[in-house]
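Per-entry structural report
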Amino acid sequence: MTRTIAEINEKIRKGQAVVVTAEEVIDLVEKEGVEKAAQRVDVVTTGTFGPMCSSGAYFNLGHSKPRIKIGGGRAYLNDVPAYTGIAAVDIFLGATALPDDDPRNRIHPGAFNYGGGHVIEELVAGKDVRLAVSAYGTDCYPRKRMETWTNIKDMNEAVLFNIRNAYQNYNVAVNLSDKTLYTYMGVLKPNLGSANYSSAGQLSPLLNDPYYRTIGIGTRIFLGGGIGYVAWHGTQHNPNVPRSDKGVPTRGAGTLTVIGDLKQMKPQWLVGASMVGYGCTLTVGIGIPIPILSEEILRYTAVRDEEIFAPIVDYAEAYPQRSPEILGEASYGELKSGRIIVQEKEVLTASLSSYPKAVEIANTLKEWIVRGDFLLTEPVASLPGVEAGITFKPLKERPIEE
Amino acid sequence: MAISRRVVLHFPPRLVDQPIIYQLVKEHNLVLNILKASVTPNEEGLLILELSGAQKDYDQGIRYLQEVGVRIQSLGQNIVRNETRCTHCGACIAICPTGALALDPKTRLVNFLEDRCTACEICVLACPPRAMEVHF
């Protein structure tokens with residue numbers, strides 16, 4: 001059995017495409033077998049909704065009268081600093097940016113109530129935000145200061161541009177010390193008091209296409225409640241990790257860079273998040289359609305939580321000291337049962353990624369395709385695979401001699 | 001009939017230096033467990049208690065508190081989940097000490113069981129979208 005993306009799109013246009021979610025396909029394959037299911041199903045939809053720190057947005061604010069050169073100056077949106085080292089009225093706001101006067105961790109653990117991710121959520125919700133700018137003034141851009149309300153609808157462009165999202169698998173974080181830890185993986189109770197994980201598992205996009213056979217540069221996706229695209233592989237993209245018999249990575253592996261028009265996204269799928277004692281971030285909703293071009297591709301999408309394993313890592317010592325040591329592996333089936341065993345102790349699990357929201361995303365994308373509102377795209381280039389021989393480099397410090 | 005209730009007591013500044021809880025225990029024969037206390041001289045005091053005893057003693061004790069001017073709230077209303085902000089991720093589940101935040105194994109939604117909540121507030125900052133709110 002083989003089919004092409006063009007054939008699938010023809011069926012979508014006619015309203016005849018058979019679309020199931022990456023959860024539904026599991027039962028279907030169990031009942032009918034891979035061969036029959038692959039003949040019937042055209043598209044499998046995936047979804048994930050979790051905190052993704054390498055997210056942000058760029059904006060073209062429009063030119064004031066008289067003009068001001070924000071580039072090389074300073075710009076704040078609701079007191080959160082944006083990057084200005086580009087042209088006059090273009091700025092980039094990162095999800096983890098914090099107001100200059102945020103106390104951070106001076107009194108540990110800091111609350112981190114408001115940051116770049118929250119500004120992005122408010123902009124998407126259509127709220128006015130305060131823009132404050134200072135510049136050095138030039139002959140062609142004479143102004144030095146500006147404070148004004150602005151709104152996403154007043155901007156020329158507002159584009160979500162996330163340089164690392166949708167991690168293909170991730171660590172399970174535990175705490176072997178006797179103190180509570182406040183990490184990017186949430187609050188970790190001491191003495192193996194909790195185990196936090198963050199993946200949609202069997203619904204997660206890259207876990208359903210483990211060798212990047214269909215997801216590539218140019219793939220159209222559900223992003224933040226609107227339409228987006230895969231722009232590149234994400235930072236730290238690392239296909240060369242241990243994999244199960246079925247090819248599923250058992251460590252953090254592939255990642256995606258994604259892009260899309262922020263103006264058509266929805267605030268419930270781009271939620272500002274605060275990690276106590278760590279910082280601010282953005283919880284991003286992503287859904288990716290997988291065209292069933294062959295039986296092999298369908299077999300990958302039928303992966304279940306019990307077959308996907310994640311490494312258990314101590315965030316008291318091993319993670320901060322970059323030690324490669326792991327305490328074992330747990331399947332998402334075990335993680336989702338609420339308890340895993342680590343060092344012979346039963347440990348309560350908690351998820352940072354919302355599975356019910358991932359289901360909702362996969363179902364929404366399915367509806368869009370069934371209704372004929374969302375056509376699949378042919379990737380213009382593949383993501384680097386195992387054969388690319390990428391190695392994940394640590395930072396080797398070289399002392400600077402004065 | 002013996003009962004056990006959790007209540008929030010608000011003490012106006014003029015009552016903060018009075019031995020009201022002593023009277024409550026001594027005169028009304030109630031067993032109490034302090035879940036949270038915040039008392040500063042010349043400011044409103046706040047006390048969250050679990051009160052146990054006979055229904056008759058409990059009713060009389062509550063009446064005594066009302067008569068001396070303590071404002072009483074039942075506990076369930078005090079920690080509120082903002083349903084539009086909750087993403088049902090589950091980050092709160094392992095840190096909630098009483099199991100008031102629990103996962104429904106079928107739907108994977110996070111249930112907030114208000115009758116188990118002791119208003120310890122650990123979830124408030126641990127919730128990434130800050131959906132757990134304190135309403136006193």
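Residues numbered from 1 in each chain as written. Chains lettered and ligands numbered in written order. Predicted model: local features only at pLDDT ≥ 70, side-chain atom pairs only at ≥ 80, totals over all residues. Heavy atoms only, no water.

1. Re the side chain of Arg81 of chain B
Residue and element names in this part refer to chain B. Counting through the fold element by element, Arg81 comes out in strand β5 (residues 79-81). Side-chain polar atoms of Arg81 contact the side chain of Glu83, separated by 3.1 Å. At a separation of 2.7 Å, a polar atom in the side chain of Arg81 contacts the main-chain carbonyl oxygen of Val110. Setting aside chain neighbours within four positions, we find Arg81 in contact with Cys86, His88, Val110, Asn111, Phe112, Ala131 and Met132. (Helix = DSSP H or I, 4+ residues; strand = E, 2+ residues; numbered from the N terminus. Polar contact = N/O pair within 3.5 Å; in protein donor to acceptor, adjacent residues only side chain to side chain. Contact = heavy atoms within 4.5 Å.)

2. Points about the pairing of strand β8 (residues 129-134) of chain A
The side chains of a regular strand alternate between the sheet's two faces. All names here are of chain A. Side chains Val129, Leu131 and Val133 project from β8 onto a buried face, and the interleaved Arg130, Ala132 and Ser134 project onto a face without burial. Note: β8 against strand β9 (residues 145-150), six bridges, orientation antiparallel. Directly across from Arg130, in β9, lies its bridge partner Trp149. (Buried < 20%, exposed > 50% of the residue type's maximum accessible area, 1.4 Å probe, protein only. Pairing = 2+ DSSP bridges.)

3. Details of the side chain of Asn175 of chain A
All names here are of chain A. Note on placement: Asn175 falls in the loop between β11 (172-174) and β12 (181-183). Note on Asn175: relative accessible area 0%, which makes it buried. Side chain to side chain, Asn175 and Ser177 meet in a polar contact 2.7 Å long. With sequence-adjacent residues up to four places away left out, Asn175 is seen in contact with Thr180, Leu181, Leu188, Lys189, Pro190, Asn191, Leu192, Ser194, Asp314 and Ala316.

4. Focus: unusual backbone geometry
Excluding glycine, residues mostly carry a negative phi; peptide bonds, for their part, are mostly trans. All names here are of chain A. Each neighbour pair has its own omega, and for Lys65 with Pro66 the value is -10°, a cis peptide bond. Locating Pro66 in the fold gives a position in the loop between β4 (56-60) and β5 (74-77). Following His108, the chain continues into Pro109 via a peptide bond in cis, with omega recorded as -5°. Examined against the element boundaries, Pro109 turns out to sit in the loop between β7 (90-94) and α3 (116-124). Not every positive phi belongs to a glycine, and Asp79 is a case in point at roughly 75°. When you line up the elements, Asp79 lands in the loop between β5 and β6 (80-82). Its relative accessible area of 41% is what places Asp79 among the partly exposed residues.

5. What to know about the interface of chain A and chain B
Interface size is commonly expressed as the accessible area that is lost once the parts come together. Listed as interface residues are 26 residues of chain A and, on the opposing side, 19 residues of chain B. Of the roughly 1700 Å² buried where chain A meets chain B, counting both sides, 59% is carbon and sulfur surface. Note that Arg85 of chain B and Glu121 of chain A form a salt bridge whose closest N and O atoms lie 2.9 Å from each other. Counting across the chain A and chain B interface gives ten residue pairs in polar contact (both at pLDDT 80 or more). Contributions of two or more residues to the side of chain A that touches chain B are made by β19 (270-275), β25 (345-351) and α6 (355-371) of chain A. (Buried area = accessible area lost by both parts, 1.4 Å probe. Salt bridge = Lys/Arg side-chain N within 4 Å of Asp/Glu carboxyl O.)

6. Notes on the domain arrangement of chain A
Residue and element names in this part refer to chain A. Split by domain assignment, chain A resolves into domain 1 (5-52 + 161-384) and domain 2 (56-160). Of the residues lining the interface, 26 residues belong to domain 1; the matching set on domain 2 comes to 30 residues. In total, domain 1 and domain 2 occlude about 2100 Å² of area from one another, counting both sides; carbon and sulfur atoms represent 66% of this. When residues of domain 1 are sorted by the area they lose upon contact with domain 2, Leu262, Lys263 and Cys280 head the list and together hold 32% of the total. Along the contact surface separating domain 1 from domain 2 lie zero salt bridges. Scanning the region where domain 1 abuts domain 2 turns up eleven residue pairs in polar contact (both at pLDDT 80 or more). Looking at which element gives the most residues to the side of domain 1 that touches domain 2, the answer is β19, with six residues. (Domains from an automatic or database assignment.)

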